[in-house]
Amino acid sequence: MDRRRFLRAAGLTGAGVAGLGVLGSGVASAGEGGLLDGILGGRGSEDESAVSDAAVLNFALNLEYLEAEFYLRAVTGEGLADSQVDGRGELGRVTGGYKVPFETKIGRQYAEEIAQDEKAHVDFLRTALGDAKVARPEIDLQDAFTAAATAAGVIGPGETFDPFKDETSFLLGAFIFEDVGVTAYKGAAPLVSNKTFLEAAAGILAVEAYHAGLVRTLLLQGGAADAVGKISDARDSLDGPSDLDQGIVDRNGSANIVPADENSIAFSRTPGQVLNIAYLNPDAVGSGGFFPAGVNGEVNTSDANG
């Protein structure tokens, strides 16, 4: 898919570019009161490993905010509590989202379990970061889905894609997040210096992979391979020239529940590539798509893939 056509179809323009500083100076001493401070021994601002780990964990926290708000609204009609969203940076509101009328018992049960997992991830990362945690940024669960679905060709121009209207639509929305979450945690793993946090990140990656497998299985069972393939192609058009994405069937039409390379190893995305998809933009920008005002924290700019 042509990247410029994706932007035109999505109705997006290049937003203002924010600086990317994984080792910025503003986070180093901010871990007081959290696990980060205890594990790193309360080291001062000169310790760059503390800065890097805090920046990476806060990047992950932004993504967990997005997933938690999506799933919680889908199963309960409400999002995170006020006590779960405060922190550094601009606290943003959430647009869209309501209780999904699930058609199947298993679909509803899976969604309820995943919602609790994502809420727990938010709480864990916030506790780990302590005073260094970032606030929930502004999140769009309405227009961003329509923009992405239009650009991918899942819906036509002028139509609306609502991931909360029925179970299949919900699963397609979940597919966008879960596959990206797996590649995001794998790609961020080499950036985490502290082994305790690296182990925790590996644990979260495993949970996200379980989620992704469940979502992909239900979509394949429901006959949504065509729509999933279009979303996969659209994501690939955003994150650079490498083929990092796969649908739920291979070119022979066989099931492809586990997207992996020739060695059956999951793919990695850099934080910038993850933000290309979250911002729905192949260029280096600081906001857009699911995060209309950008994410909070030091890692906040997408890669330049245009």
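Our structure is the block above this text.
Residues numbered from 1 in each chain as written. Predicted model: local features only at pLDDT ≥ 70, side-chain atom pairs only at ≥ 80, totals over all residues. Heavy atoms only, no water.

A.B. asks: Can you walk me through the packing of helix α4 (residues 105-129) against helix α6 (residues 167-188) in this structure?
C.D. replies: A packed helix pair is summarised by two numbers, namely the angle formed by the two axes and the spacing between the axes. Taken N-terminus to C-terminus, the directions of α4 and α6 make an angle of 35°; their axes are 13 Å apart at the nearest point. Regarding α4 and α6, the two cross each other, and that crossing is left-handed. Contacts between α4 and α6 pair G107, A111, I114, E118 and L125 from the former with E167, F170, E178 and Y185 from the latter. Partitioning the contact of α4 with α6 into residue classes produces 5 nonpolar, 1 polar and 3 charged. (Axes fitted to C-alpha atoms, helices over the stretch in contact; angles between N-to-C directions. Helix = DSSP H or I, 4+ residues; strand = E, 2+ residues; numbered from the N terminus. Left-handed = near helix turned anticlockwise from the far one by under 90°. Contact = heavy atoms within 4.5 Å. Nonpolar A, V, L, I, M, F, W, Y, C, P; charged D, E, K, R; others polar.)

A.B. asks: What is the right way to look at the packing of aromatic side chains in this model?
C.D. replies: Centre-to-centre distance and the angle between the planes together describe a pair of aromatic rings. In total, this model carries 12 aromatic pairs according to the counting rule given. Here F70 and F145 contribute two aromatic rings whose centre-to-centre distance is 5.7 Å and whose plane-to-plane angle is 40°, an arrangement assigned as tilted. Of the two residues, F70 sits in helix α3 (residues 48-76) while F145 sits in helix α5 (residues 143-152), which places them 75 residues apart along the sequence. A single burial state applies to F70 and to F145, both of which are buried. (Phe/Tyr/Trp six-rings, centres within 6.5 Å; stacked < 30°, edge-to-face > 60°. Buried < 20%, exposed > 50% of the residue type's maximum accessible area, 1.4 Å probe, protein only.)

A.B. asks: Would you mind showing me how to read the pattern of salt bridges here?
C.D. replies: Where charged atoms of side chains with opposite charge meet at close range, the side chains can pair. Per the counting criterion, the structure on display carries 10 salt bridges. Where R269 meets D239, a salt bridge forms, and the shortest distance between an N and an O atom there is 2.7 Å. Of the two residues, R269 is situated in the loop between α8 (225-238) and α9 (271-278) and D239 in the loop between α8 and α9; the sequence distance between them amounts to 30 residues. Each member of the pair, R269 as well as D239, carries the same accessibility label: buried. One network of salt bridges, with partners in common, ties together D179, R216, R235, D239, D245 and R269. (Salt bridge = Lys/Arg side-chain N within 4 Å of Asp/Glu carboxyl O.)

A.B. asks: What is the right way to look at the nonpolar core in this model?
C.D. replies: Ranked by internal contacts, the top residues of the largest apolar core, which has 75 residues, are F70, L141, F170 and L219. Contributing elements (two or more residues each) for this core: α3, α4, α5, α6, α7 (195-221), α8 and α9. If one sorts the elements of this core by residue count, α3 sits on top with 16 residues. Excluding residues within four positions of it along the chain, L141 makes contact with L66, E69, F70, R73, V94, T95, G96, P163, F164 and F177. (Core = buried A, V, L, I, M, F, W, Y, C linked by side-chain atoms within 4.5 Å.)

A.B. asks: Looking at this structure, how should I read the side chain of R126?
C.D. replies: The residue R126 is located in helix α4 in this model. Here Y65 takes part through its side chain, which lies 3.0 Å from a polar atom of the side chain of R126. Of note is the side chain of R126, whose polar atom sits 3.3 Å from the backbone oxygen of Q84. Dropping the residues within four chain positions of it, R126 is found in contact with L61, Y65, S83, Q84, V85, D86, K133 and V134. (Polar contact = N/O pair within 3.5 Å; in protein donor to acceptor, adjacent residues only side chain to side chain.)

A.B. asks: Got a minute to help me understand the environment of D226 in this structure?
C.D. replies: Summarising the element assignment, D226 is placed in helix α8. Sequence spacing of D226 and V154 is 72 residues, and the spatial spacing of their C-alpha atoms is 8.7 Å.

A.B. asks: Any chance you could explain unusual backbone geometry here in plain terms?
C.D. replies: With the exception of glycine, most residues fall at negative phi, and the peptide bonds are largely trans. In this structure, S264 is a non-glycine residue whose phi angle is positive, near 60°. Phi is positive for L280, close to 55°, though the residue is something other than glycine. The topology assignment puts L280 in the segment after α9. Residue L280 is classed as buried on the basis of its relative accessible area of 3%.

A.B. asks: Explain the packing of α6 against α8 here, please?
C.D. replies: The geometry of α6 relative to α8 is characterised by a closest axis approach of 11 Å and an angle of 40° between their N-to-C directions. Relative to α8, the element α6 is oriented oblique. When the axes of α6 and α8 are compared, the crossing they make is right-handed. For the pair α6 and α8, contact is made by L172, F175, I176, D179 and V180 and by A227, V228, I231, S232 and R235, respectively. When its residues are assigned to classes, the contact of α6 with α8 shows 7 nonpolar, 1 polar and 2 charged. (Parallel < 35°, antiparallel > 145°, perpendicular 65-115°, else oblique.)

A.B. asks: What am I meant to see in the side chain of H211 here?
C.D. replies: Counting through the fold element by element, H211 comes out in helix α7. Separated by 2.8 Å, the side chains of H211 and D117 make a polar contact. With near-sequence residues (within four places) excluded, H211 lies in contact with I114, D117, E118 and E178.

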